[in-house]
Amino acid sequence: MDSSIYQNYILILKEELIPALGCTEPIAIAYAAAEAAALLPEAPVRMEVWCSGNIIKNVKSVTVPNSGGMKGIEAAAVLGMTGGDPRRKLEVLSAVTEEHICRTRELLGAGFCSCHLAENVSNLYILVKLSGGEHCAQVEIADRHTHITKKILDETVLFSAGREEPCPETVKGDRSLLNVRDILEFADTVRLEDVKDLLDRQIQMNSAISDEGLRGHYGADVGKTLLSVYGDDVKTRAKARAAAGSDARMSGCSLPVVINSGSGNQGMAVSLPVIEFAKELGAGQERLYRALVLSNLLSLHQKKYIGSLSAYCGAVSAACGSGAAITYLCGGGYEEISRTITATIANVGGIVCDGAKPSCAAKIASAVDAAIMAHYLSAHDHTFSPGDGLVKDNVEETIASLGRVGREGMRSTDVEILRIMTEPSS
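Residues numbered from 1 in each chain as written. Predicted model: local features only at pLDDT ≥ 70, side-chain atom pairs only at ≥ 80, totals over all residues. Heavy atoms only, no water.

S.K.: I'm lost on the nonpolar core in this one. Help?
M.R.: One broad rule of soluble globular proteins: the nonpolar side chains tend to lie buried together. With 127 residues, the main nonpolar core has Met47, Leu297 and Ile341 as its most contacted residues. In this view, Leu297 contacts Tyr9, Ile12, Leu13, Leu178, Ile183 and Phe186; residues no more than four positions away in its chain are not counted. Among the nonpolar cores identified, the runner-up in size contains 6 residues, and Val222, Leu226, Ala240 and Ala365 belong to it. (Core = buried A, V, L, I, M, F, W, Y, C linked by side-chain atoms within 4.5 Å. Buried < 20%, exposed > 50% of the residue type's maximum accessible area, 1.4 Å probe, protein only. Contact = heavy atoms within 4.5 Å.)

S.K.: Sorry, what's going on with the sheet that holds strand S4 (residues 125–132) here?
M.R.: Picture the strands of a sheet paired through backbone hydrogen bonds; they go either parallel or antiparallel. The 6 strands are arranged S3-S2-S4-S5-S6-S7 in an open sheet whose pairing can be described as mixed. Across the chains shown, the open sheet's two edge strands, defined by having one partner strand only, are strand S3 (113–117) and strand S7 (156–160). Geometrically, the sheet is characterised by an average inter-axis angle of 15 degrees between neighbouring strands, direction not taken into account. Where S4 lies against strand S5 (residues 135–142), 8 bridges are found, and the strand directions are antiparallel. When the sheet's bridge partners are listed, Ile126 is paired in S5 with Ile141. Most of the contacts of helix H4 (residues 73–83) go to strand S2 (residues 46–51), to which it runs at about 125 degrees, and overall it touches S2, S3 and S4. (Pairing = 2+ DSSP bridges. Helix = DSSP H or I, 4+ residues; strand = E, 2+ residues; numbered from the N terminus. Axes fitted to C-alpha atoms, helices over the stretch in contact; angles between N-to-C directions.)

S.K.: Hey, could you run me through the packing of helix H7 (residues 196–215) against helix H8 (residues 222–230) in this one?
M.R.: Helix packing geometry: the angle between the two helix axes and the distance between the axes. Contact pair H7 / H8: the axes reach a minimum separation of 7 Å and the direction vectors enclose 70 degrees. On the basis of the axis angle, H7 is roughly perpendicular to H8. Relative to H8, the crossing made by H7 is right-handed. Across the interface between the two elements, Gly213, Leu214 and Arg215 of H7 pack against Gly223, Lys224 and Leu227 of H8. Partitioning the contact of H7 with H8 into residue classes produces 2 nonpolar, 2 polar and 2 charged. (Parallel < 35°, antiparallel > 145°, perpendicular 65-115°, else oblique. Left-handed = near helix turned anticlockwise from the far one by under 90°. Nonpolar A, V, L, I, M, F, W, Y, C, P; charged D, E, K, R; others polar.)

S.K.: Looking at this structure, I do not really get the pairing of S7. What am I missing?
M.R.: Put simply, side chains in a regular strand alternate between the two faces of the sheet. Relative to S7, strand S6 (residues 148–153) runs antiparallel, the two being bridged by 4 bridges. Pairing of Leu153 across the sheet is with Thr156, part of S7.

S.K.: Teacher, can you tell me more about the side chain of Arg339 here?
M.R.: Structurally, Arg339 is set in helix H14 (residues 334–348). Side-chain polar atoms of Arg339 contact the backbone oxygen of Ser378, separated by 3.0 Å. Dropping the residues within four chain positions of it, Arg339 is found in contact with Ser378, Asp381, His382 and Thr383. (Polar contact = N/O pair within 3.5 Å; in protein donor to acceptor, adjacent residues only side chain to side chain.)

S.K.: I tried to follow the pattern of salt bridges on my own but got confused; where do I start?
M.R.: Think of it this way: side chains of opposite charge can pair up when their charged atoms draw near. A full pass over the atoms with the stated rule returns 25 salt bridges. Glu16 is the salt-bridge partner of Arg144, the closest N and O atoms lying 3.6 Å from each other. Of the two residues, Arg144 is situated in the loop between S5 and S6 and Glu16 in helix H1 (residues 3–16); the sequence distance between them amounts to 128 residues. Linking Glu106 and Arg103 is a salt bridge whose minimum nitrogen-to-oxygen distance equals 3.2 Å. Placement of both Glu106 and Arg103 in helix H5 (residues 98–109) is noted, with a separation of 3 residues, approximately one turn of the helix. Given the relative accessible area of 48%, Glu106 is considered partly exposed. Accessibility expressed as a relative area gives 41% for Arg103, which makes it partly exposed. Several salt bridges converge on common partners, so that one network encompasses Asp211, Arg237, Arg241, Glu276 and Glu280. (Salt bridge = Lys/Arg side-chain N within 4 Å of Asp/Glu carboxyl O.)

Rendered as structure tokens:
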């Protein structure tokens, strides 16, 4: 394929398939707080955090990793300040100690941190303001979980994205070049040495947290329940493995995962079902690598229309990628893969995101189930026709139509979901 497209796809994979410890929204808050603490020359006495509605939605009910079970924006921010290592970015809380946890609890009890809704900002927005003595440090993140757009100490702007040195996170692969046909050609022809390390890490980390989810007791034990009730055929294992990883991750498991589209849940949904089907089919390692390349890029292709955070559940786009990769493992080409994507979108394209929490595991299981059904429909030359709801004349138009729903149509839905989640209980 064209060398510029090839290199662009490699760059996208390197940017996206990175490890993260815990749900990426509280981790992004902890990262911003750790960066602010590194700027402040005196001991902090007060912290204020401003977040977009989607950040608030995704932090409210998820356990912060390495926190001793704490939840919420304030817990993530204060723990990031007390024990975070900003050099680790999305693994910022990996070195937290019991002393840091105790100190965090003390500060939370003393009302050290306050949280506010930031309006008229991007869907992914965080501002941490840390005050101490006569100084005030501010760190702003926007659009991507580690994309620092501003650093301010007192009245001095130390960094502002686009004005001085470019932030490394702004050097991005061009997602507009993603399309199903080129992604398939890339998966078929990519030199494995260019992607092997990325995919080995994804396989190892995501499998490890799935194993932990099946061993321990996390959330509602969705993965374990699926296996105990539905048996252990490959269709059930594919759903259960992905759900079990989410069970563990949403309930504070300290194992890292390799993310996709800025999300660990999507990173697991896009990879673990593919790994399970590859085992069942006896596919070799090379075929698994190529299937994972396809799955990851197809998920990213869909999310480019929607953005990192919205009212649209990203498990659907990730499952679309998995379903297409399963079709690929079974020998399917462009037409078969396109049918799998279309049938998945036509089925579960309306699942809403009501924040990160234990029930994400069930949504992942449902989305993967739909993708597996779409695979089998495609294998029998079946799918849904243009004009059936969001289905258009071809797969690219169908993907774009769903993206329009997620980006534009569900905007007011997102506001209402946040209102419902934050209103006082009766």
